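The lines below spell out each chain.
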Amino acid sequence: MTDGMKQIFKQTPYLTDTQRNFCPGCTHGTIHRVFCEVLEELQLLEKTVIVVPVGCSTLSVDYFEFDTIQAAHGRAPAVATGVKRSSPENFVITYQGDGDLASIGTAEIVHAANRGENITTIFVNNGIYGMTGGQMAPTSLIGWKTETSPYGRKASSDGNPIRMSEMLSQLNGPAYIARTSVDSPKNIMGTKRAIRKAFQAQIKGLGFSLVEILSTCPTNWGMNPVDSLKRIQEETMNYYPLGEFKVTEGL
Amino acid sequence: MSEKILMKGAEVLGEAAIKAACRLFFGYPITPQNEAPAYMAKRLPEVGGTFLQAESEVAAINMLYGAAGAGHRVMTTSSSPGISLMMEGISYIAGAELPVVLANVMRGGPGLGGIGPAQADYFQSTKGGGHGDYRIITLAPSDLQEQVDLMYDAFDLADEYRNPVMILTDGLLGQIMEAVEFKRVKDPATLKAKPWAATGRKGRTKNLITSFDLDLDGLERHNQKIQAKYALAKQKEVRFQDFHAEDAEIIVVAYGTMARICKTAISHMRSEGASVGLFRPISLWPFPENQILQLAQKPSTKAILVFELSAGQMVEDVKMYTHDIKPIHFHGRTGGNVPSPQEVIEKIKAVQKEVR
């Protein structure tokens, strides 16, 4: 460091220095930084156990400095239940994509939320399967062309995109449910605030918390990173409104 | 506590696990083992443990994965269709090298099948069951006292090999009542530490619980490590019982409930001077392959007769390990039907006639 200059920013030590294998322009990296900075603020390095199931989230096994459990597709909320029930002193997170949470893992997320499991779910919703190469997700919008909806998603044959946060907020178990986005600095700050609240819910033992984060997939959307962020603003947010859907008393 | 107590088989599974220092149970209702989760729901809170009824067998096995990954003794019980649903999770548990104990109170299949006793999940349990190269240490009791003793060992074996251990029992052993004694009691505080577990990285670097490796050579090394454990288990963990088999002309091979019925039939026939004995595998994986081969090689052995509550599964292992050097006969019942000792005697007599 040059004399007279002081360091005003550095990467949180909660993330490893390993090379990332996410595609260029992908917002997983932003989300990792945001929630790891909140973990650092709360000094949770020695308590955290994160459960990463299947999808692009699986790549994260090497990216966190805290204990990590890799789980089967969709089953992270059940695995996290096993960790938290056996070790209530640990701070337990699941990090799940939309194919994982809203399709193959619907039973596990609904019941973990309904039991009010004292865990936090970070739900990354980009409306497509990334790891397997761009298939239609339960969250893909009507009209979106994907590998498995080459003529565009149709409600009549493919069903409607599923709003998980709204659905889960109908249950009594959750303490905190919010939807945020990482399309802009302002919304990234909003994401950080929501994650802080969700983590506080777990620290206070109030029950299940979830932050759904609208995200991009430039590779499988076939768009450049800037246009991908615009797509969130112009398309995704219209169907998936941002906001807090459930904030329990005492939070 | 070392007195005999009259208990139902499914409940014995639960109490034996508690005596083996298990304080966590995740499960889902299915007949004929419902008494086990019901017993644990009542009993675990009394010893400071946790019972949770999962939303499905799929969720239950993944709760085991999480609790075992966090370093705790944990178990579930289920029956055939439920065990099928758990197979994905069991493969992950074996791949991630986690210790869990399972009990399959087998019922008639395939599909929904029925609720009568069966032994038709032998292949599923001893050959892996889910995807990938892995094995489940499989122990088959033939009475409730043995179920107590094997459950106790199952937790130690799971910890030692960091692998799933299955108590393979059936609807008959799950539902009968017998007097049992819990001679050994282990305090969870005395269990060995698990430095590999995901407990939060206090005073150490990060722990990672995973079966995932995109590096082909890395994954192969992982598989070789798992296979080395299995080779060791094959050397050290073989269990069997021999009942008048040493000098018998006809060797009956059976396990679990079926072995019990065969024992009654053979005792009766021996009292009438028949040269027949029983070889009972207790560890179905690792299978007592050398012991069955040695029996087959004896000049006194004229034929082998395998009885199962299935259409013929273990008989394939008996054929493989004896290299067909002696004639092998099979009698099986399915659908939840259990042969009487008389039916067994008739089959043995038919083979006796053929031998002469």
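A. Region of the structure containing the overall build of chain A. Per the secondary structure count, chain A includes 9 helices and 9 strands. What you see for chain A is a C-alpha radius of gyration of 18 Å, in line with the 18 Å of a compact globule of 251 residues. Taken along the three principal axes of its C-alpha coordinates, chain A extends 55 × 50 × 30 Å. Look at the contacts in chain A between residues 6 or more apart in sequence, and 66% of them connect residues 24 or more apart.

B. Local environment of the domain arrangement of chain B. All names here are of chain B. Here chain B is described as being made up of domain 1 (4–236) and domain 2 (240–355). Put simply, the middle of domain 1 and the middle of domain 2, counted by C-alpha atoms, are 28 Å apart. At the junction of the two partners, domain 1 supplies 30 residues and domain 2 supplies 22 residues. Considering every element that reaches the side of domain 1 that touches domain 2, the biggest residue donor is helix α5 (residues 122–126), with 4 residues. Looking at the side of domain 1 that touches domain 2, its residues break down into 15 nonpolar, 10 polar and 5 charged.

C. Quick look at helix α9 (residues 256–271) of chain B. Residues and elements named next belong to chain B. Taking 1.5 Å of rise per residue, the 16 residues of α9 would be expected to cover 22 Å, and the 23 Å separating its terminal C-alpha atoms lies within 8% of that figure. Of the residues making up α9, those classed as buried are Gly 256, Thr 257, Met 258, Ala 259, Arg 260, Ile 261, Cys 262, Lys 263, Ala 265, Ile 266 and Met 269. Looking one or two residues beyond α9, the residue adopting positive phi is Gly 273, at roughly 90°.

D. Expanded view of the environment of Arg73(B). Residues and elements named next belong to chain B. Relative to the helices and strands, Arg 73 is located in the loop between α3 (57–69) and β4 (75–78). Owing to 25 C-beta atoms within 10 Å, Arg 73 belongs among the buried residues under this scheme. Between the C-alpha atoms of Arg 73 and Leu 157, which are 84 residues apart in sequence, the distance is 12 Å. The contact partners of Arg 73, leaving out residues within four places of it in the chain, are Ala 21, Cys 22, Arg 23, Leu 24, Phe 155 and Leu 191.

E. Just the interface of chain B and chain A, in detail. Taken together, the contact between chain B and chain A spans 33 residues of the former and 29 residues of the latter. Ranked by residues supplied to the side of chain B that touches chain A, first place goes to α3(B) with 8 residues. Among the residues forming the side of chain B that touches chain A, the class breakdown is 16 nonpolar, 12 polar and 5 charged. Bridge count for strand β2 (residues 67–70) of chain A against strand β9 (residues 208–209) of chain B is 2 bridges, and the pairing is parallel. Within β9(B), the residue paired with Thr68(A) across the bridge is Leu208(B).

F. Molecular detail of the confidence of the model for chain B. With 100% of its residues at a pLDDT of at least 70, chain B reaches an overall mean of 97. Reported confidences for the modelled complex are a pTM of 0.97 and an ipTM of 0.96.

G. Focus on the packing of α3(B) against helix α4 (residues 80–95) of chain B. Residue and element names in this part refer to chain B. Their axes nearest at 8 Å, the elements α3 and α4 cross at an angle of 30°. It follows that α3 is roughly parallel to α4 by the angle criterion. Note on packing geometry: the crossing formed by α3 with α4 is right-handed. Counted together, Glu 57, Val 58, Ile 61, Asn 62, Tyr 65 and Ala 68 of α3 and Gly 82, Leu 85, Met 86, Gly 89, Ile 90, Tyr 92 and Ile 93 of α4 form the full contact between these two elements. Taken together, the residues that form the contact of α3 with α4 break down as 9 nonpolar, 3 polar and 1 charged.

H. Structural context of the sheet that holds strand β9 (residues 243–247) of chain A. Taken in spatial order, the 8 strands make up an open sheet running β9(A)-β7(A)-β8(A)-β4(A)-β3(A)-β1(A)-β2(A)-β9(B), and their pairing is mixed. Unpaired on one side and paired on the other, β9 of chain A together with β9 of chain B mark the two borders of the sheet. Along the sheet, helix α2 (residues 76–86) of chain A contacts β1 (48–52), β2, β3 (91–97) and β4 (120–125) of chain A; its crossing angle with β3(A), the most-contacted strand, is approximately 175°.

I. Representation of the nonpolar core within the structure. Formed by 175 residues in total, the largest nonpolar core has its most connected members in Val252(B) and Cys262(B). The biggest single contributor to this core is helix α6 (residues 144–161) of chain B, with 10 residues. Of the domains in this structure, domain 1 (4–236) and domain 2 (240–355) of chain B are the two that each give at least three residues to this core. Setting aside chain neighbours within four positions, we find Cys262(B) in contact with Val252(B), Ala254(B), Leu278(B), Phe307(B) and Val344(B). Core analysis: the second largest hydrophobic core is formed by 7 residues, Ile128(A), Ala137(A), Cys217(A) and Trp221(A) among them.

J. Molecular detail of the environment of Glu178(B). Residue and element names in this part refer to chain B. Structurally, Glu 178 is set in strand β8 (residues 177–181). Residue class for Glu 178 comes out partly exposed when judged on the 17 C-beta atoms lying within 10 Å of it. Sequence-wise, Glu 178 and Glu 346 are 168 residues apart; in three dimensions their C-alpha atoms are separated by 28 Å. Dropping the residues within four chain positions of it, Glu 178 is found in contact with Asp 143 and Leu 144.

The rules behind each value
Residues numbered from 1 in each chain as written. Chains lettered and ligands numbered in written order. Predicted model: local features only at pLDDT ≥ 70, side-chain atom pairs only at ≥ 80, totals over all residues. Helix = DSSP H or I, 4+ residues; strand = E, 2+ residues; numbered from the N terminus. Rg over C-alpha atoms; globule rule 2.2 N^0.38 Å. Contact = placed C-beta atoms within 7 Å. Domains from an automatic or database assignment. Nonpolar A, V, L, I, M, F, W, Y, C, P; charged D, E, K, R; others polar. Expected span 1.5 Å × (residues − 1). Buried ≥ 20, exposed ≤ 12 C-beta atoms within 10 Å, placed from the backbone. Pairing = 2+ DSSP bridges. pLDDT = per-residue confidence, 0-100. Axes fitted to C-alpha atoms, helices over the stretch in contact; angles between N-to-C directions. Parallel < 35°, antiparallel > 145°, perpendicular 65-115°, else oblique. Left-handed = near helix turned anticlockwise from the far one by under 90°. Core = buried A, V, L, I, M, F, W, Y, C linked by C-beta atoms within 7 Å.

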